[in-house]
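Summary of structural features
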Amino acid sequence: MKKIIAVLLSLICLFSIFTFAASAALDSKDDESSIMYGIVYVNEAPGVKIYYQANPSLDFKCEGYVTVTKDTPIAVNHDFVCWKDEDGNLYYEGDVVHVDRLITLYAVWEPKTDSYPEIVRIIRCALLSFERFILQIFGIFKDINDFQPASPAEGA
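Residues numbered from 1 in each chain as written. Predicted model: local features only at pLDDT ≥ 70, side-chain atom pairs only at ≥ 80, totals over all residues. Heavy atoms only, no water.

1. A look at the pairing of strand E1 (residues 37-42)
With four bridges connecting them, E1 and strand E3 (residues 57-60) associate as antiparallel partners. Note that in E3 the partner of Gly-38 across the bridge is Asp-59. As paired strands, E1 and strand E9 (residues 102-111) are joined by five bridges and run parallel to one another. Across the sheet, the residue bridging to Val-40 is Thr-104, located in E9. (Pairing = 2+ DSSP bridges. Helix = DSSP H or I, 4+ residues; strand = E, 2+ residues; numbered from the N terminus.)

This is the structure we're talking about:
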């Protein structure tokens, strides 16, 4: 009985391996799979102590338009200003971006100018982070819902 169970489990494992390999082979033949569309948000910056990370990325199956996230990162001693791409273009929350490739947006920070002590800043960051967490739970930052595919005429 144990040998039968071992053989059956071995067959199941082999079947699942071949299924995975066949699926990967089919995906690699698809021309669209080699093209990545999306936005990657990079929150980190040298010397910035980040308390809350914004949405990390969005992936799309085709080119189109998306609204820059309202879910911005929070840092203790720095204020978030906007997002900047590799070409130096600035994007503010709510801006509409044409996504025709994989776009990386980097957070732009400036030092805080308020006179609060650091402990007060940490408490404020904790409260703002908790608020953002609650908003994420309720789906407020589902930026994928804002994606609008580009019309075929635009791609030509």
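Moving on from the model shown.
2. Section: the sheet that holds strand E7 (residues 90-91)
The strand order E3-E1-E9-E6-E7 describes an open sheet built from five strands, whose pairing is mixed. With partners counted over all chains shown, the strands left at the sheet margins are E3 and E7, one partner each. Where strand E6 (residues 78-84) and E7 come together, two bridges link them in antiparallel fashion. Its bridge partner being in E7, Trp-83 is matched across the sheet by Tyr-91.

3. A few points about the sheet that holds strand E4 (residues 64-67)
Taken in spatial order, the three strands of this open sheet run E8-E4-E10, and their pairing is antiparallel. This sheet does not close on itself; its edge strands, each paired only once, are strand E8 (96-99) and strand E10 (148-149). Summarising the sheet, E4 and E10 pair through two bridges and their orientation is antiparallel. In the strand pairing of E10, Gly-64 is matched with Pro-149.

4. Re the pairing of E4
For E4 and E8, the ladder comprises four bridges, and the chain directions are antiparallel. Counterpart to Gly-64 in the pairing with E8 is Val-99.

5. So, the pattern of salt bridges
Should their charged atoms come close, side chains of opposite charge can pair. Within the structure shown, the criterion is met by four salt bridges. When the shortest N-O distance is used, the salt bridge between Lys-49 and Glu-118 registers 3.8 Å. Of the two residues, Lys-49 sits in the loop between E1 and strand E2 (50-52) while Glu-118 sits in helix H2 (residues 118-137), which places them 69 residues apart along the sequence. Exposure remark for Lys-49: the relative accessible area of 48% places this residue in the partly exposed category. A salt bridge links Arg-101 to Asp-100; the nearest nitrogen and oxygen atoms lie 3.2 Å apart. Since its relative accessible area comes to 36%, Arg-101 is described here as partly exposed. Overall, the relative accessible area of 36% leaves Asp-100 in the partly exposed class. (Salt bridge = Lys/Arg side-chain N within 4 Å of Asp/Glu carboxyl O. Buried < 20%, exposed > 50% of the residue type's maximum accessible area, 1.4 Å probe, protein only.)

6. Digging into the nonpolar core
Core analysis: the biggest nonpolar cluster contains 20 residues, and Ile-39, Phe-60, Val-66, Trp-83, Val-99 and Leu-105 have the highest contact counts within it. Listed by contribution, the elements that provide at least two residues to this core are E1, E3, E6, E8 and E9. Broken down by element, the residue count for this core peaks at four residues, all from E9. (Core = buried A, V, L, I, M, F, W, Y, C linked by side-chain atoms within 4.5 Å.)

7. Observations regarding the environment of Ile-103
Mapped onto the secondary structure, Ile-103 falls in strand E9. Taking C-alpha positions, Ile-103 is 9.4 Å from Met-36, a pair spaced 67 residues apart along the chain. Dropping the residues within four chain positions of it, Ile-103 is found in contact with Gly-38, Ile-39, Val-40, Val-97 and His-98. (Contact = heavy atoms within 4.5 Å.)

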